[in-house]
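One letter stands for each residue in the lines below.
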Amino acid sequence: MRKHFNRMTQDKIKTEKQQGWGLIFICWIIAMAALFGSLFFSEVMGLKPCVLCWWQRVFIYPLAVLFLVGMFPQGDKVDLSVVRYTLPLAAIGLGFAIYHYLVYSGFIPESLQPCSEELSCAQIDLELMGFITIPMLSIFAYSAIIILLIIYRKRFYQ
Amino acid sequence: MKKNMIVIATAILFVVLFIVTATIYNNQKDKELSSASLENIEHIQRDYSPIIGPLDAKVTIVEFFDPACGTCSAFYPFVKQLMKDNPGKVNLVLRYLPLHQNSDVIVSILEAARIQNRFWETLERAYETRDLWIEHHVSRPKKLWQQLGGLGLDMVKLNNDVQSAEIARRIKLDILDAQQLNVTKTPGFFVNGKPLVHFGYQQLQQLVESEISANY
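A short tour of the structure in this document, coming up. (Residues numbered from 1 in each chain as written. Chains lettered and ligands numbered in written order. Predicted model: local features only at pLDDT ≥ 70, side-chain atom pairs only at ≥ 80, totals over all residues. Heavy atoms only, no water.)

Each side of the interface is counted separately: chain B has 14 residues, and chain A has 16 residues. Where chain B abuts chain A, roughly 1,400 Å² becomes buried across the two surfaces, and 85% of that area is made up of carbon and sulfur atoms. Looking only at chain B, the three residues that lose the most surface to chain A are V7, F14 and F18 of chain B, adding up to 42% of its buried area. Summed over the shared surface of chain B and chain A, the number is zero salt bridges. Across the contact surface, chain B and chain A share zero residue pairs in polar contact (both at pLDDT 80 or more). Classifying every residue of the side of chain B that touches chain A by side-chain character gives nine nonpolar, four polar and one charged. (Contact = heavy atoms within 4.5 Å. Buried area = accessible area lost by both parts, 1.4 Å probe. Salt bridge = Lys/Arg side-chain N within 4 Å of Asp/Glu carboxyl O. Polar contact = N/O pair within 3.5 Å; in protein donor to acceptor, adjacent residues only side chain to side chain. Nonpolar A, V, L, I, M, F, W, Y, C, P; charged D, E, K, R; others polar.)

This is the structure in structure tokens:
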């Protein structure tokens with residue numbers, strides 16, 4: 001009986017320490033989808049990434065690694081503090097994604113954007129189903145990660 | 001731990017999905033490319049282009065190139081070797097696709113040298129001295145000019161011919177044809193009108209050999 005109780009509390013502690021794992025897992029899946037998706041665009045389809053695309057890559061690629069590391073327990077403890085390192089990266093990335101979207105959709109004139117002449121960031125190379133563009137996908141990925149991380153932070157970290 | 005398995009399985013799934021979609025995409029693209037070049041057959045070869053090798057050869061390699069392109073320069077001896085290995089059966093047509101900055105001027109120097117029957121010598125000299133006239137991926141025509149001694153070129157005539165309207169017209173048409181054929185990188189090869197879809201020495205050799213066995 002006592003043994004059984006003991007195991008139950010242990011299980012409870014274990015689940016408490018595992019809390020939020022699912023959220024981080026989803027964040028990781030989004031980051032991985034962005035990583036492989038962007039590599040598909042550039043390496044398979046041969047769309048050259050413009051300067052702004054590169055800046056967005058800079059901030060999403062490390063997320064795929066950081067979330068992965070965060071999901072694995074240190075001892076028996078899941079590293080809850082993963083949110084501290086990933087949220088700033090995602091926030092900066094979202095900034096670039098929004099900026100890129102504005103350049104793309106013409107709100108920011110081409111002359112103001114920092115792309116090289118040969119590779120315009122405003123040129124639309126790909127439209128999935130007629131309206132989904134790459135900056136839109138990027139905004140979606142970053143926003144989803146940020147929302148999940150904020151929920152995670154409120155529920156489990158503080 | 002169960003979660004470890006989930007993570008590993010997801011990671012594997014991503015990789016497999018990537019490889020599968022990439023393969024499907026590439027296969028489809030290959031088909032599109034081959035059929036597109038068949039429709040555009042008149043864009044592949046123009047009668048004004050420089051040609052080397054026997055004129056009656058039944059296998060023709062068309063190469064879109066940029067003299068400033070390192071890979072073009074690396075492929076040049078290989079293509080010549082292909083012609084040597086199959087004597088009398090293969091010839092080579094060169095077409096211009098100056099992608100580097102200022103390379104259009106380099107190309108017009110080559111065309112001007114062709115008027116003096118020094119095209120291939122000048123091209124080889126340009127390839128040999130690439131490091132001396134390219135700075136940070138930008139071609140420096142004046143620096144190439146300094147390397148052209150000893151080729152027997154009449155430099156005054158060369159200087160006049162570089163400006164020629166006919167040369168400009170040819171280069172422009174070559175670039176337009178390349179766009180039409182979807183050649184965006186150099187060197188871009190076609191063998192008897194068939195595009196080299198997967199780039200590489202071996203792939204080019206195989207394509208040439210398959211055309212030789214089909215035509216001889």
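Residues and elements named next belong to chain B. Across the two faces of strand 6 (residues 188–191) the burial is the same, with G188 and F190 and F189 and V191 all buried. Pairing between strand 2 (residues 59–65) and strand 6: four bridges, direction antiparallel. The residue of strand 6 that forms the bridge with I61 is V191. Here strand 6 pairs with strand 7 (residues 194–195) via two bridges, running antiparallel. For V191, the partnering residue across the bridge sits in strand 7 and is K194. (Buried < 20%, exposed > 50% of the residue type's maximum accessible area, 1.4 Å probe, protein only. Helix = DSSP H or I, 4+ residues; strand = E, 2+ residues; numbered from the N terminus. Pairing = 2+ DSSP bridges.)

Quick look at the side chain of D174 of chain B now. Mapped onto the fold, D174 of chain B is located in helix 9 (residues 165–180). Leaving out residues up to four positions away in the same chain, D174 of chain B has contacts with Y48, F64, R95 and Y96 of chain B.

Residues and elements named next belong to chain A. Within this structure, the stated rule accounts for 18 aromatic pairs over all chains. When the centroid spacing of 5.1 Å and the interplanar angle of 10 degrees are considered together, the rings of W21 and F25 count as stacked. In this pair, W21 and F25 both sit in helix 2 (residues 21–44), four residues apart, roughly one turn of the helix. As far as the burial class goes, W21 and F25 line up, both buried. Ring centres 5.4 Å apart and planes at 10 degrees place the aromatic pair W55 and F96 in the stacked group. Taken together, the residues W55 in helix 3 (residues 51–71) and F96 in helix 4 (residues 82–105) connect sequence positions 41 residues apart. When its relative accessible area of 40% is taken as the criterion, W55 is described as partly exposed. Looking at F96, the relative accessible area reads 24%, which means it is partly exposed. Over the face of the ring belonging to W54 we find R57, whose NZ or CZ atom lies 4.7 Å from the ring centre. (Phe/Tyr/Trp six-rings, centres within 6.5 Å; stacked < 30°, edge-to-face > 60°. Lys NZ or Arg CZ within 6 Å of the ring centre and 35° of its normal.)

Everything listed here is a matter of coordinates, which is why it stays silent on function.
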